[in-house]
Amino acid sequence: MSAYALPDERGHFGVYGGVFVAETLMQPVTELLAAYEKYKQDPEFQAELDRDLAYYVGRPSPLYFAERLTQLVGGTRIYLKREDLNHTGAHKINNTVGQALLAKRMGKPRLIAETGAGQHGVATATVAARLGMECVVYMGTEDIQRQAINVYRMKLLGAEVVPVESGSKTLKDALNEAMRDWVAHVDNTFYVIGTVAGPHPYPAMVRDFQAIIGHETRQQLQQLEGRLPDALVACVGGGSNAMGLFYPFLNDASVELHGVEAAGDGLETGHHAAPLCDGDVGVLHGNRTYLMETEDGQIIETHSISAGLDYPGVGPEHAWLKDEGRASYSAIDDKEALEAFHTLTRIEGIIPALESSHAVAYAIKLAAKMPKDKIMVVNLSGRGDKDIHTVAALGGIKL
Amino acid sequence: MSRIETRFADLKQRGRKALIPFITAGDPAKDITVTLMHILVQSGADLLELGVPFSDPMADGPVIQHASERALVNGTSLKDVLAMVAEFRKKDNDTPVILMGYLNPIEALGYAEFADLASQAGVDGALTVDLPPEEGQELVAALQQQGLDTIYLLAPTSTAERIQRIADMASGFLYYVSLKGVTGAGNLDLSEVRQRLDSIRRHTGLPLGVGFGINSPEIAAEVSTFADAVVVGSAIVKRIAEYESSPDVIMKELQTFVGALRQAMDTAAVNDKQTCGGQG
């Protein structure tokens, strides 16, 4: 593979990506692209971003050798990239810090965001509080019930949480509603998208902000082991933590890339959130990608134990990497993810988010098959505190 | 000449402005849509806009979102919508029908297949909300091959350069979105809309329609004094939703409301002529 330079100037990754929005949004999307192109080259912007990532987010996040997990599996050496140790407890803030700084420079005092599990909403509300910006977060009523603690966190941070009653009342509908808000308030509002989806430049911009994960991993592993990893593993909902880890390694053909989707009740049941493993190509939320849809092109409700993976689409760059064969995608069901959640908690003393538990579950399977002298890095994208109630309820325990 | 062109030429000759009501196909039931289409025409519609239901209507306000949801609960697919148009054509071969919707159902069917089936059914044009001209060449070509018009939206945020590019790709008419917002929102600034239309006319000779937020005969009448066509959607769909379970009442309501829109627009046209006559 030659040096990687996607997307093209119109936001395409092969046939995927692009800009599929109503006419009213074309101008704001164009304005955002121009601003992003300008500031990503701007040393002052980069310096401010680096400072925030170091002193506010707490980067670099550790690359931790999971010795007991490695022993238990009896295969390859497993490292965990500890994004769970970031401020607010997940990788999401790498991106919101970047987009909020951009919003500030563009003179947009109002941030809006969509959220599923609440992590991106919290990360957006957090930076809005710090920069003294107004913040409105759209969240499906189903998710508001599932994630009451994150809803309260956002309110404490001064954000307005708007319940979304339309459609399936989950993440995709929150995204629709945020787009509608943006259309109505383009003059003063910056839409902070939380994943590598949406119209160009979002997939590329969010990837670039998250690429700090992969850049650090590369450097840290060089120091610890003196070489590149052999395999990278990350969960994929929209796919931002996976793109962030994978991107700096795309040109290193020896590094295997493994994305892990949510198989929900099992791929064969149809109740899942795995468009790359079992979906079709279509257009939703501003880009062409793999989707969960009916034969008639209607988007269907997805299912996953983890609200953060419960999304019917996926970032267009993942769609391209899948078709090119550069990354491979598998799916882990609810039960396997829950098992991995308990395993990691008990054996390493690290409580992973249910999203990240999908990556851990797949890593355990994969590591067992790989030689002992190989190295695998798993992106531990978030911590599991937010999921304690879900896990307890599944175990029949009332807190 | 396409049915849309013929209709606009004919209206111009008669000094009448086009009234384009919108309903969502399959709302509140699949078997009532064709009847409602005929009633709209009898009550004064010149063209019809038929919404193709989609699960994620990002540019629509709550009224049309809910219409889409009701239609999908009824299992209304794009193919069903095409069958409705074919049924409508059995009794009405003159009124242009435009499908308005989102790209994904068309992608799922395939562009060429869609264009072919739509043309057979008697559809005249397609307005695909989330398909800007930059991504639209392939679909436009497929539609053109079947003699179908591509209707494009222009927005308050469209730059002069974009207006020109869109005008060059569009056919039939251009649809100006009269506000920054979703369908059915309020707060129209009519003098601003009038100015924008004046500047758009410098780029194109196509008829200009205006829609989003036109919810009363009074506003329709005023818009019709400077636009070539007035599109009314949410205000009609709201009446369908209100009487969801009684088709007879829906029919009566639509007759009354669309009739009132028609009358107000025609009165405005007469007044306009008189004013001009007086000055001349």
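Residues numbered from 1 in each chain as written. Chains lettered and ligands numbered in written order. Predicted model: local features only at pLDDT ≥ 70, side-chain atom pairs only at ≥ 80, totals over all residues. Heavy atoms only, no water.

*Asks:* Where do I start with the sheet that holds strand S5 (residues 149–150) of chain B in this structure?
*Replies:* Within a sheet, adjacent strands bond to each other through the backbone by hydrogen bonds, running parallel or antiparallel. Residues and elements named next belong to chain B. Strand order in the open sheet formed by nine strands is S5-S4-S3-S2-S1-S9-S8-S7-S6, and the pairing between neighbours is parallel. Of all the strands in the sheet, the pair left with one neighbour each is S5 and strand S6 (152–154). Alignment of strand S2 (residues 48–51) against strand S3 (residues 97–101), held across four bridges, turns out to be parallel. Looking at S3, one finds that Leu48 is bridged to Val97. Taken strand by strand, helix H8 (residues 160–169) contacts S6 and strand S7 (174–177), and its axis lies near 160° from that of S6. (Pairing = 2+ DSSP bridges. Helix = DSSP H or I, 4+ residues; strand = E, 2+ residues; numbered from the N terminus. Contact = heavy atoms within 4.5 Å. Axes fitted to C-alpha atoms, helices over the stretch in contact; angles between N-to-C directions.)

*Asks:* What's the story with the packing of helix H1 (residues 23–40) of chain A against helix H4 (residues 92–106) of chain A in this structure? I'm lost.
*Replies:* Helix-helix packing: each pair is described by the crossing angle between the helix axes and the interaxial distance. Residue and element names in this part refer to chain A. It is at 11 Å that the axes of H1 and H4 come closest, and there the two elements cross at 105°. Of the possible angle classes, the one that applies to H1 and H4 is roughly perpendicular. On the side of H1, the interface is formed by Glu31, Leu32, Ala35, Tyr36 and Tyr39, while H4 contributes Leu102, Arg105 and Met106. (Parallel < 35°, antiparallel > 145°, perpendicular 65-115°, else oblique.)

*Asks:* Would you explain the pattern of salt bridges in this entry?
*Replies:* Note on pairing: side chains with opposite charge can pair once their charged atoms come close. Tallying each qualifying case throughout the model produces 40 salt bridges over all chains. In this structure, the salt-bridge partner of Glu37 of chain A is Lys40 of chain A, at a minimum N-O distance of 4.0 Å. Note that Glu37 of chain A and Lys40 of chain A are positioned in helix H1 at a spacing of three residues, about one turn of the helix. Classification of Glu37 of chain A as partly exposed rests on a relative accessible area of 35%. Judged by relative accessible area, Lys40 of chain A falls into the partly exposed class, the value being 32%. For the salt bridge of Arg201 of chain B with Asp228 of chain B, the shortest nitrogen-to-oxygen distance reads 2.9 Å. Taken together, the residues Arg201 of chain B in helix H9 (residues 190–201) and Asp228 of chain B in the loop between helix H10 (217–224) and strand S9 (229–232) connect sequence positions 27 residues apart. Classification of Arg201 of chain B by relative accessible area gives partly exposed; the value is 33%. Salt bridges here are not isolated pairs; linked through shared partners, they connect Glu23 of chain A together with Glu134, Glu161, Arg162 and Arg165 of chain B. (Salt bridge = Lys/Arg side-chain N within 4 Å of Asp/Glu carboxyl O. Buried < 20%, exposed > 50% of the residue type's maximum accessible area, 1.4 Å probe, protein only.)

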